[in-house]
Amino acid sequence: MIRNAASEDFEIVRDLLVAEGITDSGFFTKERYQRAIANWSRYYLVEEREGKIVGFISGFDDGGIFYGYMCRLVVDENYRRQGVGEGFHGDFGDGVGTA
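Notes on the structure in this doc start here. From a predicted model like this one, the values you see are computed outputs, not experimental measurements. The residue count restarts for each chain, going from 1 along the sequence in the order it is written. Only residues with pLDDT of at least 70 get local features here, since the model is predicted, and only at 80 or more are side-chain atom pairs given and counted; chain-wide, interface and lining totals rely on the full set of residues. Processing note: side-chain calculations cover all non-hydrogen atoms of the structure and skip hydrogens and water entirely.

1. Here we look at the sheet that holds strand 4 (residues 68-75)
Then step 1. The four strands are arranged 1-2-3-4 in an open sheet whose pairing can be described as antiparallel. Only two strands of the sheet have a single partner each, and these edge strands are strand 1 (2-4) and strand 4. Strand-to-strand twist across the sheet, computed as the mean angle between neighbouring axes with direction ignored, equals 25°.
Then step 2. For two strands to be treated as a pair, DSSP must find no fewer than two bridges joining them. Only DSSP runs of H or I with at least four residues qualify as helices, and only runs of E with at least two residues qualify as strands; both kinds are numbered from the N terminus onward. In this structure, strand 1 lies alongside strand 2 (residues 44-49), joined through three bridges in antiparallel fashion. If you follow Asn 4 over to strand 2, its bridge partner there is Leu 45.
Then step 3. Lying over the sheet, helix 1 (residues 10-19) contacts strand 2, strand 3 (52-61) and strand 4, oriented at roughly 80° with respect to strand 3. For helices, the fitted line uses only the C-alpha atoms of the stretch in contact; every axis is such a line through C-alpha atoms, and the angle between N-to-C directions lies from 0 to 180 degrees. Any two residues whose heavy atoms approach within 4.5 Å are treated as being in contact.

Printed below as a string of structure tokens:
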């Protein structure tokens, strides 16, 4: 199930990103994460399977006019090649132009 990322997802999302070298824990702080999900919630999504967060995508848009930009996409290594990224692509793209 893909849903909007929530504040309580922070540690899991951070750990996924850090494990893949996408960011470091000094930059990806809880304060920044909470500010981002408050301002761009439709572009901060997690995939949850069997109660476990297995993927995360984040991005932003140009004010809903034309474009959405994907910034980070990570999938737990145990859930790769199972359609998580494809699901994100569809849900993320659906948010473009809906500001």
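2. Some details on the pattern of salt bridges
When charged atoms on two side chains of opposite charge get close, those side chains can pair.
Then step 1. We define a salt bridge as a contact between a side-chain nitrogen of Lys or Arg and a carboxyl oxygen of Asp or Glu at a distance within 4 Å. This model, assessed by the stated rule, comprises seven salt bridges.
Then step 2. Between Arg 3 and Asp 9 there is a salt bridge whose closest N-O contact spans 2.9 Å.
Then step 3. Note that Arg 49 and Glu 47 form a salt bridge whose closest N and O atoms lie 3.0 Å from each other.
Then step 4. For the exposure calls, accessible area comes from a 1.4 Å probe over protein chains only, and a residue counts as buried if that area is under 20% of its type's maximum, exposed if over 50%, partly exposed in between. A relative accessible area of 23% places Arg 49 in the partly exposed class.

3. Some words on unusual backbone geometry
Then step 1. Even without being glycine, Glu 50 reaches a positive phi, approximately 50°.
Then step 2. Secondary-structure assignment places Glu 50 in the loop between strand 2 and strand 3.

4. So, a nonpolar patch on the surface
Then step 1. A cluster of nonpolar side chains, Trp 40, Phe 60 and Tyr 69, forms an exposed patch at the surface whose accessible area comes to about 300 Å².
Then step 2. Inspection of the secondary structure puts Phe 60 in strand 3.
Then step 3. On the basis of relative accessibility, which here comes to 36%, the residue Phe 60 falls in the partly exposed class. Every patch collects residues that have over 30% relative accessible area and no salt bridge, joining them within 9 Å if they carry like charges and within 5 Å if they are nonpolar side chains (Val, Leu, Ile, Met, Phe, Trp, Tyr). The Shrake-Rupley method, run with a 1.4 Å probe sphere, supplies the accessible areas, and residue values consider only the shown protein chains as cover.

5. Some words on the packing of aromatic side chains
Then step 1. Aromatic rings from Phe, Tyr and Trp, taking only the six-membered ring of Trp, are treated as a pair when their centres fall within 6.5 Å; an angle between ring planes under 30 degrees marks them as stacked, one over 60 as edge-to-face, and anything in between as tilted. The tally for this structure, following the rule as stated, stands at four aromatic pairs.
Then step 2. Judged by centre distance (5.5 Å) and plane angle (55°), the rings of Phe 10 and Tyr 33 are tilted. Taken as a pair, Phe 10 in helix 1 and Tyr 33 in helix 2 (residues 30-39) lie far apart in primary sequence, 23 residues in all.
Then step 3. Each ring, one from Phe 28 and one from Tyr 33, has its centre 5.8 Å from the other, and the planes form 55°; the classification is tilted. Tyr 33 matches Phe 28 in its accessibility class, with the two residues each being buried.

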